[in-house]
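Secondary and tertiary structure notes
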Amino acid sequence: MKQTRREFLSTTSLATAGVFLTNPLTSSAFHAITNSEDKWYLNMRRCAQHNFNEHDPANLNIEQWVDYWVSLKLDAIILTAGGFIAMYPTKLENHYKSQFLGNRDLFGDYLKALKKKGIRVIARIETNFIHMDIYKNKPEWFEMNKDGTPWRHSETPWIGRSCFFSNYRNEQITKVINEILSLYDVDGFFTNSWPEVEHAPRLCNSTYCKAYKNLTEKELADVAIEHTLTTIKLINETVKKKGSNIVYNVNIAGGIGAIQDLQKVGNLTNWMTTDHQGRGGGTPIWDCAQQGKVAYAVMKGRPVTNVVGTKTGPWRHSSKSEAETILWLAQTTSSGMIPWWVWLGSDLPDNRWQAIGRKYYQWLAKNDIHFTNKKSMSKIGVVFSNNVNALYNAPGRVPGGYWGDPVDTNSKGNTTDYLQGIYYALLEGRFVFDLVHDNDLTSEGLKNYKALILPNIALLSDQQAESLKGFVNNGGSLLATFETGLYNEKGELRNDFALSEIFDIHLKSGYTKPKGQVFYATVETEHEIIKEFKGLEHLPGGEFYIPIEASGKHIMNIKPPYPNGIPEMVYPYSRKELDSQEQDSNNPAIVVREKGDSRLVYFPTDIDKNVWARGSVDLSKIIQNSVRWMTEDKLNISVEGDGYVEVFAWETEAGFAIHILNYNNPNMTRASIRRFYPIGQQKIRVEIPSSITIKKAELLRSEKGLEITQTGSIVEFLIPSIEDFEIAALYK
Ligand SMILES: [Zn+2]
């Protein structure tokens, strides 16, 4: 579909943004080129990607597209360059060129046009796929099937895949990068969908992979990360030879489920990208903000871009609903990431995405100083662990149910369900929290937090346990669930909890794995944590628990489990076939301790998983009450009001920014959001250093002034209502 420039302008209503067409140095572009050349990427605020298909060299109109990108006030853009398919006249052997390239240099001409407008250009290199034309010359690069034939893509069988352990990336990709560096004034490189941090490498039948076929899961994971790190270092060195201002932007997209050590990978780069484009099915809306929290834990404020998809579901040439897109962009920017707006191809069969992006980016550009974050203000940290994802066997299903079919005891559960349950409960309780990488369980890594939550962080080293002890001794409060610290860092079962001293708990003898049966927890004594449940005999407990010894009287105990599947069998009394008195008893369901300034809560149950997987409202309430009790309601930020929100609080270049994202929507946990359901008045209280006086405040989204009252270190204000999201910007 070819378009004239006029048609293009009218269909994208770019004409209304004419001011940007006549001024090549937009404020953002100016911003980028006047800053330190060496570290220009530190000042990025807005990015995009134009992803080419092989046919694009035949009809892509560079001028039209540059006009659109300029209207977004971009700092940098990613353009498809080569690796898999060269979009420039490559001279390199075994580097497949677009069959539609002809005499054109699509990448080079596009780059020059963008750079004239002050937009930096990053070359996108696809390293996973190789055209089968190359196979006859370089069979060793290809992933091989068991029968000795090369693996072929199921939809486009003329495409093969590069073998993970082959020398393809080290040998060929570095040559591609060198050629691009020699031809173009490029500002950086990006390797698409690589490294893969979410799953173990595919071991194929190539000579490279065969060498590793007898390794254990753990050994293979170690070899894979070493191989990945070596390749990243090599690419980095290749890129840096041309100039220190050229950057290798590494794709580290695993979210909370990644199995490779994200920090180890992140430490090798100045710029991380999280390819978190959108959601489908039952992925919750907070998925993008959660990825932002992961990225902040990994990069600690260094630049992170998030690829924001314009498309919906698998339809690459479509537009996402406007409401879903806005909330995805807002999560990206509120969580501290830089949006990277992506479209595939030169055709515009559905151009609705263009106006959505332009409006958001232009709004963003007006508010740069409020998105230049210095530090998260959160005092609560929630730990996540790549090591747990890689090595922990989370229990799968419990036996029972109505039909009583036997359960495969080898089936594994999802290691991220525990964190997801905590996440849900904390959002419901309106807590402001960071995610903390388990590598940061050190005194330095924990110094900003008053309370720490360990959602079934089953693997802990002695050193990590020691740091947590130090955290508690210094007055930090701790909440841990289930098998936290029951295994060492290699995944080997310990004789007792690594945190047994902190919580005064011990495993009952003979422990091999958690007990799996639907169970209840009895309400024993009055306590703030269970205040809503006074007068009740019991509440849902969970599906798995750990029998422990813990001194003292407990506020909830595990009721000896009784059958739950067939209705006639569901009673907690002795029966001739089974004496309930002989069943496992005297097990706490929660252990609560106070030591000095520390308040400690341990759940020997999968309470967090059951908030997420089973939707227990009571269990969510217990977690929220626990966190409130631990922090003694002395948190530095509170947001009171109705509705389901996620709150971010940042120290910024201007002062402080409190972001409130409105998730209150029937499509909160199932894609996609159709429209917003505004929430009413929100009452905010923020504690800031008493030496700072807030001089001015405004609401950035509704573009209104904001009246605040400051009494010493406490700043209070009201937001009358929130449509999609709101940001209260406080100027110091
Ligand atoms: Zn292989």
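Naming follows an unreviewed UniProt entry, where the protein appears as Beta-galactosidase trimerisation domain-containing protein of Confluentibacter flavum.

**Re the overall build of the protein**
Assigned secondary structure in the protein consists of 19 helices and 32 strands. On C-alpha atoms alone, the protein measures out to a radius of gyration of 27 Å, which is about the 27 Å that the 2.2 N^0.38 rule sets for 732 residues. Referenced to the eigenvectors of the C-alpha coordinate spread, the extents of the protein come out at roughly 85 × 70 × 45 Å. The burial tally for the protein puts 58% of its 732 residues in the buried class. Within the protein, contacts between residues at least 6 apart in sequence are counted, and of these 77% link residues at least 24 apart. A distance of 5 Å separates the average location of the 81 positive side-chain charges in the protein from that of its 84 negative side-chain charges.

**Focus on the coordination of the zinc ion**
The coordination sphere of the zinc ion, as far as protein atoms go, consists of Cys163 (SG), Cys204 (SG) and Cys209 (SG), spread over 2.2 Å. Look at where the donors of the zinc ion fall in the sequence and you get C-x40-C-x4-C. Of the two residues, cysteine 163 sits in the loop between strand E5 (159–161) and helix H6 (168–183) while cysteine 204 sits in the loop between strand E6 (188–192) and helix H7 (207–210), which places them 41 residues apart along the sequence. On the basis of relative accessible area, cysteine 163 is assigned to the buried category, the value being 1%.

**Some thoughts on the pattern of salt bridges**
All chains considered together, the criterion is met by 30 salt bridges. In this structure, glutamate 143 engages arginine 202 in a salt bridge whose closest nitrogen and oxygen atoms are separated by 3.4 Å. Here arginine 202 lies in the loop between E6 and H7 and glutamate 143 lies in the loop between strand E4 (129–131) and E5, a separation of 59 residues in the sequence. Its relative accessible area of 32% is what places arginine 202 among the partly exposed residues. The salt bridge partner of arginine 701 is aspartate 724, with a shortest N-O separation of 2.8 Å. Placement of arginine 701 in the loop between strand E28 (696–699) and strand E29 (704–705) and of aspartate 724 in the loop between strand E31 (714–719) and strand E32 (725–731) is noted, with a sequence separation of 23 residues between them. Using a relative accessible area of 23% as the deciding quantity, one classes arginine 701 as partly exposed.

**Comments concerning the UniProt feature "domain: Beta-galactosidase trimerisation" (unreviewed entry) in the protein**
When the UniProt feature table is mapped onto this chain numbering, "domain: Beta-galactosidase trimerisation" (unreviewed entry) sits at residues 419–501. Secondary structure within residues 419–501 divides into 29% helix and 17% strand; the distance between the first and last C-alpha atoms comes to 24 Å.

**Examining the packing of helix H4 (residues 62–71) against helix H12 (residues 352–366)**
Two elements in contact, H4 and H12, have axes whose closest approach is 9 Å; the angle formed by their N-to-C orientations is 40°. Residues Trp65, Tyr68, Trp69 and Ser71 of H4 pack against Trp353, Gln354, Gly357, Arg358 and Gln362 of H12. Across the contact of H4 with H12, the residue classes break down as 4 nonpolar, 4 polar and 1 charged.

**Comments concerning H12**
Between its first and last C-alpha, H12 extends 23 Å over 15 residues, near the 21 Å set by a 1.5 Å rise per residue. The set of residues buried in H12 consists of Trp353, Gln354, Ile356, Gly357, Arg358, Tyr360, Tyr361, Trp363, Leu364 and Ala365.

**Here we look at the sheet that holds strand E11 (residues 373–376)**
Strand order across the open sheet formed by 6 strands is E11-E25-E26-E32-E28-E29, with antiparallel pairing between neighbours. Looking at the sheet topology across the chains shown, the edges are occupied by E11 and E29. Direction of pairing for E28 relative to E29: antiparallel, over a ladder of 2 bridges. Across the sheet, the residue bridging to glutamate 698 is glycine 705, located in E29.

**Side note on the pairing of E28**
Only one face of E28 is buried, namely the one carrying Ala697 and Leu699, since none of Lys696 and Glu698 on the opposite face is buried. Note: E28 against E32, 4 bridges, orientation antiparallel. Note that in E32 the partner of glutamate 698 across the bridge is alanine 729.

**Here we look at the sheet that holds strand E23 (residues 598–603)**
One key point about sheets: their strands pair by backbone hydrogen bonds, in either a parallel or an antiparallel sense. Spatial strand order, E13-E12-E14-E15-E23-E22: 6 strands in an open sheet with mixed pairing. Two strands lie at the open edges of the sheet, namely strand E13 (433–437) and strand E22 (591–595), each paired on one side alone. Across the sheet, the axes of successive neighbouring strands diverge by a mean angle of 20°, strand direction being ignored. Sheet analysis places E22 next to E23, joined by 5 bridges and oriented antiparallel. Bridge pairing links arginine 593 to leucine 600 in E23. Helix H10 (residues 287–299) rests against strand E12 (380–384) and E13 of the sheet, and its axis sits at about 50° to E13.

**Structural notes on the packing of aromatic side chains**
According to the stated counting rule, one finds 36 aromatic pairs in the structure shown. Judged by centre distance (5.1 Å) and plane angle (90°), the rings of tyrosine 296 and tryptophan 650 are edge-to-face. Taken together, the residues span a long stretch of sequence, with tyrosine 296 in helix H10 and tryptophan 650 in strand E25 (residues 645–652) at a distance of 354 residues. The exposure class of tyrosine 296 is partly exposed, given its relative accessible area of 21%. Each residue in the set Trp65, Tyr68, Trp69, Trp341, Trp343 and Trp353 is aromatic and connected to the rest through ring pairs, giving one cluster. Sitting over the ring of tryptophan 151, arginine 161 keeps its end group 3.7 Å from the ring centre. Directly above the ring of tyrosine 677 sits arginine 675, whose terminal nitrogen or CZ lies 3.9 Å from the centroid.

**Looking at a nonpolar patch on the surface**
Taken together, the side chains of Tyr402, Trp403, Ile566 and Met569 make up a nonpolar region of the molecular surface, amounting to roughly 510 Å² of accessible area. Mapped onto the secondary structure, tryptophan 403 falls in the loop between helix H14 (386–391) and helix H15 (417–428). Exposure remark for tryptophan 403: the relative accessible area of 71% places this residue in the exposed category.

**Concerning H10**
Counted at 1.5 Å a residue, the expected span for H10 with its 13 residues is 18 Å, and the 18 Å between its end C-alpha atoms agrees. Most of H10 sits inside the fold, with 12 of its 13 residues counted as buried. Once H10 ends, the next one or two residues include lysine 300, with phi positive near 55°.

**With respect to the packing of helix H11 (residues 322–334) against H12**
Their axes nearest at 10 Å, the elements H11 and H12 cross at an angle of 30°. Our classification of the angle between H11 and H12 gives roughly parallel. Between H11 and H12 lies a crossing whose hand is right-handed. Between H11 and H12, the residues in contact are Glu322, Thr325, Ile326, Leu329, Ala330 and Thr333 and Ile356, Tyr360, Tyr361 and Leu364, respectively.

**Some words on the side chain of histidine 659**
Relative to the helices and strands, histidine 659 is located in strand E26 (residues 655–662). Only 2.8 Å separates the side chain of histidine 659 from the side chain of serine 334, close enough to count as a polar contact. Dropping the residues within four chain positions of it, histidine 659 is found in contact with Thr333, Ser334, Phe371, Glu646, Val647, Phe648, Trp650, Glu726 and Ile727.

**What to know about the side chain of serine 376**
Its place among the elements puts serine 376 in strand E11. With relative accessibility at 9%, the residue serine 376 sits in the buried group. Only 2.8 Å separates the side chain of serine 376 from the side chain of aspartate 434, close enough to count as a polar contact. Residues contacting serine 376, with those up to four places away along its chain left out, are Tyr296, Asp434, Ala649 and Trp650.

**Here we look at unusual backbone geometry**
Working note: non-glycine residues mostly have negative phi, and peptide bonds are mostly trans. A cis amide bond, omega 5°, links tryptophan 194 with the succeeding residue proline 195. Mapped onto the elements of the fold, proline 195 is located in the loop between E6 and H7. The backbone of phenylalanine 482 shows a phi angle near 55°, a positive value even though the residue is not glycine. Classification of phenylalanine 482 by relative accessible area gives buried; the value is 0%. Phi at glutamate 703 is positive, roughly 55°, even though this residue is not glycine.

Definitions and cut-offs
Residues numbered from 1 in each chain as written. Predicted model: local features only at pLDDT ≥ 70, side-chain atom pairs only at ≥ 80, totals over all residues. Heavy atoms only, no water. Helix = DSSP H or I, 4+ residues; strand = E, 2+ residues; numbered from the N terminus. Rg over C-alpha atoms; globule rule 2.2 N^0.38 Å. Buried < 20%, exposed > 50% of the residue type's maximum accessible area, 1.4 Å probe, protein only. Contact = heavy atoms within 4.5 Å. Lys, Arg positive; Asp, Glu negative; His and termini not counted. Charge placed at Lys NZ, Arg CZ, Asp CG, Glu CD. Donors = N, O, S within 2.8 Å, 3.2 Å for Na, K, Ca; no water. Salt bridge = Lys/Arg side-chain N within 4 Å of Asp/Glu carboxyl O. UniProt positions renumbered as here; feature names shortened; annotations may be inferred. Axes fitted to C-alpha atoms, helices over the stretch in contact; angles between N-to-C directions. Nonpolar A, V, L, I, M, F, W, Y, C, P; charged D, E, K, R; others polar. Expected span 1.5 Å × (residues − 1). Pairing = 2+ DSSP bridges. Phe/Tyr/Trp six-rings, centres within 6.5 Å; stacked < 30°, edge-to-face > 60°. Lys NZ or Arg CZ within 6 Å of the ring centre and 35° of its normal. Patch = residues over 30% accessible without salt bridge, like charges linked within 9 Å, V, L, I, M, F, W, Y side chains within 5 Å. Areas by Shrake-Rupley, 256 points an atom, 1.4 Å probe, with all protein chains shown as cover. Parallel < 35°, antiparallel > 145°, perpendicular 65-115°, else oblique. Left-handed = near helix turned anticlockwise from the far one by under 90°. Polar contact = N/O pair within 3.5 Å; in protein donor to acceptor, adjacent residues only side chain to side chain.

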